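# Descriptive structure summary
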Amino acid sequence: MKSPAQSLLRYAIALGVVAAITWVYFRLIHVNPTTVGFTFLVAVLLVSAAWGLRTALMMATIATAAYNYFFLPPLLTFTIADPQNWVSLFAFLITAIVGSQLSEKARREARQSDQRRREVERLYAFSQQLLVTGNVFGLLNSVPMFVVDSFGVAGAAIFLEEKQKTYFSDATIQSLLPIDELRSISGRGEPVLDRENRRCFMPLRIGVRNLGCLGVLACDLSRQTLEAIGSLIGIAIERAATMETLTKSEAARESDRLRSLLLDSVTHEFRTPLTSIRASAETLLAQSHTVEPELRDLLSVINEEAERLNRLIGEAAEVAQLDARQVELHFELRDVREAIETAIQQCRHALERHRIELSVPANLPNVRMDLKRITEVLCQLLENAGKYSPPETAIHVTAENKAKEILISVADHGPGIDDLEQSMIFEKFYRGRNQRVTIQGTGMGLAIAKAIVELHGGKISVTSQVGRGSVFSFSLPIVS
């Protein structure tokens, strides 16, 4: 913006140019009025290109008066005798005004073009700052200062909806860019350009999703530039969030891997003394003629509890490996009947007081599975059904083709599971409230079964009614 003194100086110079042209052509060089008019016109256009329309219009008016007074007969008077001179005078005036406007328009467009070019260069530099920042997690603290450095504004602030946190380029501008105002504009999702106070607020968006709000002080930037800044900051926020998620995921995977290694080491160290304890107890039990009855009972307890502890350690290690997805599965196209029959055979001792009712169609398609692991899932479900069902009750095992998957179910006549426990039954170490004391278990069997089924791309679920029994079902996708 030019000062009043600069405006007065330009007016004075324009008047001086008109006076100089008039003096030269009136006193020194005598030419026809057409030449004088063209000279005045060129001078007006030059002034318009250099200093703008307002100065050019004032100069055109004065030049018209001088042209009439000094060069159109009768001379030295504002009277015009020849009608053709009226045409010449008005033609000169209109040409000067139109030419000045065109010159001003070209000048204004050139200025706008130059401003857009500078803003594009600043946007590029700003985007480079956002992309090359090494500390992604500290990026949000640096973004307001990047805006100040790149665009020459007095201050900047960003408010993030997800974190409900505001970042300032300078703590002293909090009163000028209040947090409540940033939050309000972020909630509305509409830009606010307060040109009078030179404050601009622009929502930060990724697509249609609103991430927060950008506030800028001493802002003369165009709306398009502010929208571009908002988009770049939105991308930077998403990049920081993605990096944070990836880092957490990587940390979780590393934690799972280390936990698995630790459990492998611990289980190996535990099993060595457990093997010795069991071997010693079994050796003493084998010498039945030398072992007193009381001592024999104690040895039996030692042997059984050592076996239980060994199984517990094995299940804990398996859960850790499955969670870390470090279990190698051997997939083959197999018949589910093979897995069901193998599981029933392996669990015959747990099922010896129950009858098994099978309903497995002969024409079921083969599924891609690890036979050993799916047999393990079925054994877990069958053993649970045997433990929790009253003696002499039936256990129903069914398999059916459900569109693109095979659904295998094990139904019992046990006490059932209430709705609250059904949502927690597949969690690690969880055991039913009424069975924790009466029935032994580790609470990891169903968690292991769930992890194995999910590694096969299937799902496991339970349907139960208290007092009537439960149905555990899992699906295996059919390979087309």
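Residues numbered from 1 in each chain as written. Predicted model: local features only at pLDDT ≥ 70, side-chain atom pairs only at ≥ 80, totals over all residues. Heavy atoms only, no water.

For strand 4 (residues 199-206), a buried count of six out of eight residues is recorded, marking the element as mostly surrounded by other parts of the structure. Across three bridges, the pairing between strand 3 (residues 192-194) and strand 4 is antiparallel. Note that in strand 4 the partner of Leu 193 across the bridge is Cys 200. With antiparallel pairing between neighbouring strands as the criterion, strand 3 and strand 4 make up a hairpin whose turn holds four residues, including Arg 198 at a positive phi of roughly 55 degrees. In this structure, strand 4 lies alongside strand 5 (residues 209-217), joined through eight bridges in antiparallel fashion. Its bridge partner lying in strand 5, Cys 200 is registered against Val 216. (Buried < 20%, exposed > 50% of the residue type's maximum accessible area, 1.4 Å probe, protein only. Helix = DSSP H or I, 4+ residues; strand = E, 2+ residues; numbered from the N terminus. Pairing = 2+ DSSP bridges.)

A separate point is the sheet that holds strand 7 (residues 355-359). Taken together, five strands build an open sheet; the order of strands is 7-9-10-12-11 and the sheet is mixed. The open sheet has two edge strands, strand 7 and strand 11 (460-465), and neither has a second partner. Recorded for the sheet is a direction-independent mean angle of 15 degrees between the axes of neighbouring strands. As paired strands, strand 9 (residues 394-402) and strand 10 (residues 405-411) are joined by seven bridges and run antiparallel to one another. What sits directly across from Ala 399, in strand 10, is Ile 408. (Axes fitted to C-alpha atoms, helices over the stretch in contact; angles between N-to-C directions.)

Once that is clear, we can look at the side chain of Ser 150. For Ser 150, the location among the structural elements is in helix 5 (residues 139-151). When its relative accessible area of 13% is taken as the criterion, Ser 150 is described as buried. When neighbours within four sequence positions are excluded, Ser 150 is seen to be in contact with Arg 122, Phe 126 and Gln 129. (Contact = heavy atoms within 4.5 Å.)

Running from N to C, helix 1 (residues 4-28) and helix 3 (residues 53-71) point in directions that differ by 25 degrees, and their axes come no closer than 10 Å. In terms of orientation, helix 1 lies roughly parallel with respect to helix 3. Classified by chirality, the crossing of helix 3 by helix 1 is right-handed. Together, Arg 10, Tyr 11, Ala 14, Leu 15, Val 17, Val 18, Thr 22, Tyr 25 and Phe 26 of helix 1 and Arg 54, Thr 55, Met 58, Met 59, Ile 62, Ala 63, Ala 66, Phe 70 and Phe 71 of helix 3 make up the contact between the two elements. A breakdown of the residues in the contact of helix 1 with helix 3 according to their chemical character gives 14 nonpolar, two polar and two charged. (Parallel < 35°, antiparallel > 145°, perpendicular 65-115°, else oblique. Left-handed = near helix turned anticlockwise from the far one by under 90°. Nonpolar A, V, L, I, M, F, W, Y, C, P; charged D, E, K, R; others polar.)

Another point: the confidence of the model for the chain. Scored by pLDDT, the chain comes out at a mean of 80, with 83% of its residues at no less than 70. Taking the mean pLDDT of every element in the chain, the minimum, 71, falls on helix 4 (residues 83-132) and the maximum, 93, on strand 10. (pLDDT = per-residue confidence, 0-100.)

A word on the sheet that holds strand 1 (residues 155-160). Spatially, the five strands line up as an open sheet ordered 2-1-5-4-3, and their pairing is antiparallel. Since the sheet does not close on itself, it has two edges, and those belong to strand 2 (165-168) and strand 3, each with one partner. Between one strand and the next, the sheet's axes are offset by a mean angle of 20 degrees, whatever the strand orientation. One ladder, built from six bridges, connects strand 1 with strand 5; its direction is antiparallel. Paired with Phe 159 across the bridge in strand 5 is Cys 213. Together, strand 1 and strand 2 form the strand contacts of helix 5, whose direction differs from that of strand 1 by roughly 145 degrees. Sheet strands touched by helix 6 (residues 179-188): strand 1, strand 2, strand 3, strand 4 and strand 5. Its angle to strand 5, the strand with the most contacts, is close to 140 degrees.

It is worth spelling out the packing of helix 1 against helix 2 (residues 33-51) at this point. Contact pair helix 1 / helix 2: the axes reach a minimum separation of 11 Å and the direction vectors enclose 165 degrees. It follows that helix 1 is roughly antiparallel to helix 2 by the angle criterion. Where helix 1 crosses over helix 2, the two elements pack in a sense that is right-handed. Taking contact as the criterion, the partners of Arg 10, Ile 13, Val 17, Val 18, Ile 21, Thr 22 and Tyr 25 in helix 1 are, on helix 2, Thr 35, Val 36, Thr 39, Phe 40, Ala 43 and Trp 51.

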